[in-house]
Amino acid sequence: MGVRAFIYFLLSAVVLAEPTQHDAIPVLLRRCVMCHGQTLQDGGVDLRTKSSMLASKAFVPGKPKDSPMIQRILSRACPPDKNISMAGIERMSDRELQTLRDWIAAGAPEVEQVLKPQQVDPEAREHWAFQPPKRGETPRVKAANRVVNPVDAFLLARLEAKGLSYSTEADKLTLLRRVTFDLTGLPPTSAEMAAFLKDESPTALEKVVDRLLASPAYGVRWGRHWLDMAGYSDSEGKRNADMVRGHAWRYRDYVINAFNADKPYDVFLIEQIAGDELVDYTDAEAVDETVIEKLVATGFLRMAPDGTSANPVNRVEDRLQVIDDELQILAGGVMGLTLKCAKCHDHKYDPITQRDYYSFAAIFKAAYDEYNWLTPQAFRNQWAGSSRRHLAVALPAERKAVEDHNAKIDAELKPMEEQFKTIKGKERGELKKKIDALKAKKKSIPLIRALWDRGESSPTYVSLRGNPGSPGPLVNAALPAVFSEKPFKPAAVVGANKTGNRLALAQWIASPQHPLTARVWVNRVWKHHFGRGIVSSLDNFGKIGTPPTHPALLDWLARELVENRWSTKHLHRLICTSAAYRQSSLKTETAARLDPENFLLSRMPMRRLDAEELHDGLIAITGRLNPRQGGKPDKVQVREGGYVTGEPGEGGWRRSVYIQQRRKHMMTLLETFDLPAMNPNCVTRINSTVVQQPLFLLHDKVVHNLTRKLATDLQKEAQGIEPVVKLAFERIVNRPPTAAELKQTVAAMKNLEAEYTKAGKDGQRNKALAEVCHALFNSAAFLYID
């Protein structure tokens, strides 16, 4: 017996000298239930329980040699050689076979396993993040004139304690550029700049924030932040083939629409964790937009890399890795818990045991069952039908249109197929081609990449040292004991054949009393506005996570979120209208000495445009942005040398979130500027500064073409060198040039014109202006948000 097994014997499990069903069943789950389990029962044999085995006459108690199950394993009839490595099928090891023999020889005894309640150290529950957030009193500060809302009071209280205050307020155009990129991922237009400068009312910024939050571009920008955390991708990853996920885009659209609608964050979470248990999708005539939306939302838990469509990487271990990735995306991204650290052993720092990990995984077992697996891609054999991880659910009108279309084709096919039976030779071959071509025109019911409860699941055993071949105690669905020691109760669901486990979990996570959920979300929103979270470790609120710089503010924001119908847009209004957000990035000598890392926010941090802002900004400024939103992603072109770009459509390129997000073929521009490969997700972006970035912008042909188009357009709006240079600055860096910049740029443009004239080239003015525009796109004034 291993050390871990011995510990479990001492602490939690009843272990008998003779083997029990808890020794035999895990072996059968790993080796046999692919063909003799919940979905498939070859020969009418079900090997999941002792009673089903006896009903199937799979063994004779006390007589392993006379048991058909043992005989077929020894003769290598089960599994057949042709099935080895398919759907995770592997031969039983000698040790596993001996376990079955011993169990049958002992009469196949069954025992009820009794696990003692877990004992949680009371001090572990005292960790700040495990206590419900409380709204504290708003501090009183000396610089009351700098307080726009309570956010400022909390920040200024810390600053004043250090002898500091806010930096000066940023000028209006700097502020407009900052808030426009932050909320929409796009630069402000000339008209928006003029309107903001003209508005001298005290609520001018508030009006801008409201306008931006009402823009469809807001959902694109903030949906992208969530998609990072969810690990969104239009391909499976794991293998070189990087198979395309043809229906993942519907989840992307769900997220963007949810942000635009300001869907309450608690509802947003519940739909993504257990949307299938909120609706009954089995009645095709009763399906409506709500049913579709709830099913699409569960795509959140189908985003992790998954290569299990291919037999060599469809073993139990490969499936468990997919489950582990999904659990960590949820636990880390939504609750700030490093749950994965307890997969192989008790968490070394946080009060999360290995038993907690597997009990938490058991909540998902009726949807994510490694022993009754749904492959991510469509392929056919006796274990997997077509599109196993997708639901064919559509609105009645859509379904009827498909059925009517296919009925017409069937009517055309019928006489052709009758004729096919009677002819031979060349005519038969030509008719076969016509029949195949007509069949290819048939349509399918729209598919949804979803996670759904199947009403039952395999038992969950703790995997000692993380090895599924070394089963420990049997566990049931449960929350981590540090949060609740009460028995886990499934929620009431809509529809039949559902366990209600995930819905119960979702309701617990999204409850106003949950200590982590609101804190983790407001912290993530804060990070995207100020460059760093109040807790820097966004996915780790545990003991070795970074302590909050402003714990009282974090709790105040968490309660503010909950008490304002979990409105994310409410958070944006608070943050983006605060005096803290209006600061300039100017660093005084005192601030550099007393707040060198800007943890206290004595100034606004400067940041570089991220990959999407750069791409989308380039095409927006140059007039090549196609505003169409939603739908299937635009394909990418992989050119010679590995250069990858999006395919432009009518009017140009769509925003980068609508360009196919493949793990193996990322757009070169986006990858160069740190678009992450989702393996499995991205908690926080890393903005690098490497030589490839300026070289890309300097030499890329697409960027050159865009600058030439912009130069042509600018000359239609302004006449003369100085006016057109001013307009170029306004469009690209969203401010007028300084006197020195104007003088230098005009002189440079004149010199360029002279050189082009001397070289005998046409369009000297356009070429010179294109060079100026190109230089501005390469400048820090464009690439950085002040």
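Residues numbered from 1 in each chain as written. Predicted model: local features only at pLDDT ≥ 70, side-chain atom pairs only at ≥ 80, totals over all residues. Heavy atoms only, no water.

1. Overview of the packing of helix H27 (residues 721–732) against helix H28 (residues 739–758)
To describe two helices that pack against each other, one gives the angle between their axes and the distance between the axes. The cut-off we apply is this: Orientation is described by axes fitted as lines to C-alpha atoms, over the contacting stretch for helices, and by angles from 0 to 180 degrees between their N-to-C directions. By definition, any uninterrupted DSSP run of H or I lasting at least four residues is a helix, any uninterrupted run of E lasting at least two residues is a strand, and each is numbered from the N terminus. Crossing handedness is read from the near helix: turned anticlockwise from the far helix by less than a right angle, it gives a left-handed crossing, and turned clockwise, a right-handed one. Any two residues whose heavy atoms approach within 4.5 Å are treated as being in contact. Ten residues, namely Ala, Val, Leu, Ile, Met, Phe, Trp, Tyr, Cys and Pro, are considered nonpolar, four, namely Asp, Glu, Lys and Arg, are considered charged, and the remaining ones, Gly among them, are considered polar.
Axis separation between H27 and H28 bottoms out at 10 Å; the angle between their running directions is 115°. Both H27 and H28 take part in a crossing whose hand is right-handed. Of the residues in H28, those touching H27 at Ile721, Glu722, Val724, Val725, Lys726 and Phe729 are Glu741, Leu742, Thr745, Val746, Met749, Lys750 and Glu753. Classifying every residue of the contact of H27 with H28 by side-chain character gives seven nonpolar, one polar and five charged.

2. Here's the deal with empty space enclosed by the protein
Going by this rule: Residues are said to line a cavity or pocket when one of their atoms sits within 4 Å of a point; the points come from a 1 Å grid over protein atoms alone, cavities being sets where a 1.4 Å probe fits but cannot get out and pockets being open sets with protein on both sides within 12 Å along at least five of seven lines. Grid points are joined across faces, edges and corners, and a volume is the space filled by probe spheres set on the points.
Scanning the model with the defined rule gives ten cavities of 30 Å³ or more in all. Along its surface, the largest cavity is lined by 22 residues, and Leu320, Tyr358, Glu370, Tyr461 and Ser463 are the ones closest to its centre. Elements with a minimum of two residues in the lining of the largest cavity: helix H2 (21–31), helix H14 (316–335), helix H15 (354–362) and strand E3 (460–463). Residues belonging to the lining of the largest cavity are distributed by class as follows: 14 nonpolar, three polar and five charged.

3. Describing helix H19 (residues 517–530)
Let me state the cut-off plainly: Expected span of a helix, by definition, is 1.5 Å for each gap between consecutive residues, and there is one gap fewer than residues. A simple rule labels every residue: compare its accessible area, found with a 1.4 Å probe on the protein chains alone, to the largest value its type can have, and call it buried under 20%, exposed over 50%, or partly exposed in between.
A rise of 1.5 Å per residue sets the reference length of H19, with its 14 residues, at 20 Å; its end C-alpha atoms lie 20 Å apart and thus fit the reference within 8%. For H19, the buried fraction is high: 14 of the 14 residues fall into the buried class. The positive-phi residue at the C-terminal boundary of H19 is Gly531, with phi of around 85°.

4. Focus: the packing of aromatic side chains
To keep things clear, this is the line we draw: Think of it this way: a Phe, Tyr or Trp ring, Trp meaning its six-membered ring, pairs with another when their centres are within 6.5 Å, and the plane angle makes it stacked under 30 degrees, edge-to-face over 60, tilted otherwise. Lysine and arginine charges are scored as sitting over a ring when NZ or CZ, respectively, is within 6 Å of the ring centre and within 35 degrees of the ring normal.
All chains considered together, the criterion is met by 24 aromatic pairs. Geometrically, the ring pair formed by Trp226 and Tyr265 is edge-to-face, given 6.1 Å between the ring centres and 80° between the ring planes. Here the residue Trp226 occupies a position in helix H10 (residues 216–230), and Tyr265 occupies one in helix H12 (residues 265–274), the gap between them amounting to 39 residues. You'll find Trp226 and Tyr265 in the same group, each marked buried. Its relative accessible area of 1% is what places Tyr265 among the buried residues. Among the aromatic side chains, those forming a connected cluster through ring pairs are Tyr218, Trp226, Tyr251, Tyr254, Phe259, Tyr265, Phe268, Phe300, Trp521 and Trp566. Taking NZ or CZ as reference, Arg178 lies 5.7 Å from the ring centre of Tyr581, over its face.

5. What to know about the confidence of the model for the protein chain
Put simply, the test is: Every residue carries a pLDDT, the predictor's confidence in it, which falls somewhere between 0 and 100.
Of the residues in the protein chain, 97% have a pLDDT of 70 or more, and the chain-wide mean is 94. The low-confidence segment residues 1–6 (pLDDT under 50) makes nine contacts with residues lying over four places distant or belonging to another chain. Every residue in residues 8–16 is under pLDDT 50, and counting partners more than four places away or in other chains gives 19 contacts.

6. Section: the pattern of salt bridges
We count it as follows: One side-chain nitrogen of Lys or Arg within 4 Å of one carboxyl oxygen of Asp or Glu is enough to make a salt bridge.
Tallied over the full model, the rule gives 52 salt bridges. The closest approach of N and O atoms between Glu613 and Arg221, which form a salt bridge, is 3.1 Å. You can see Glu613 sitting in helix H23 (residues 611–621) and its partner Arg221 sitting in helix H10, a full 392 residues away along the chain. Each member of the pair Glu613 and Arg221 is classed as buried. Across the pair Arg735 and Glu741 runs a salt bridge, and its minimum N-O distance is 2.9 Å. On the basis of relative accessible area, Arg735 is assigned to the partly exposed category, the value being 26%. Among the charged side chains, a salt-bridge network with shared partners connects Arg30, Arg31, Glu90, Glu96 and Glu317.

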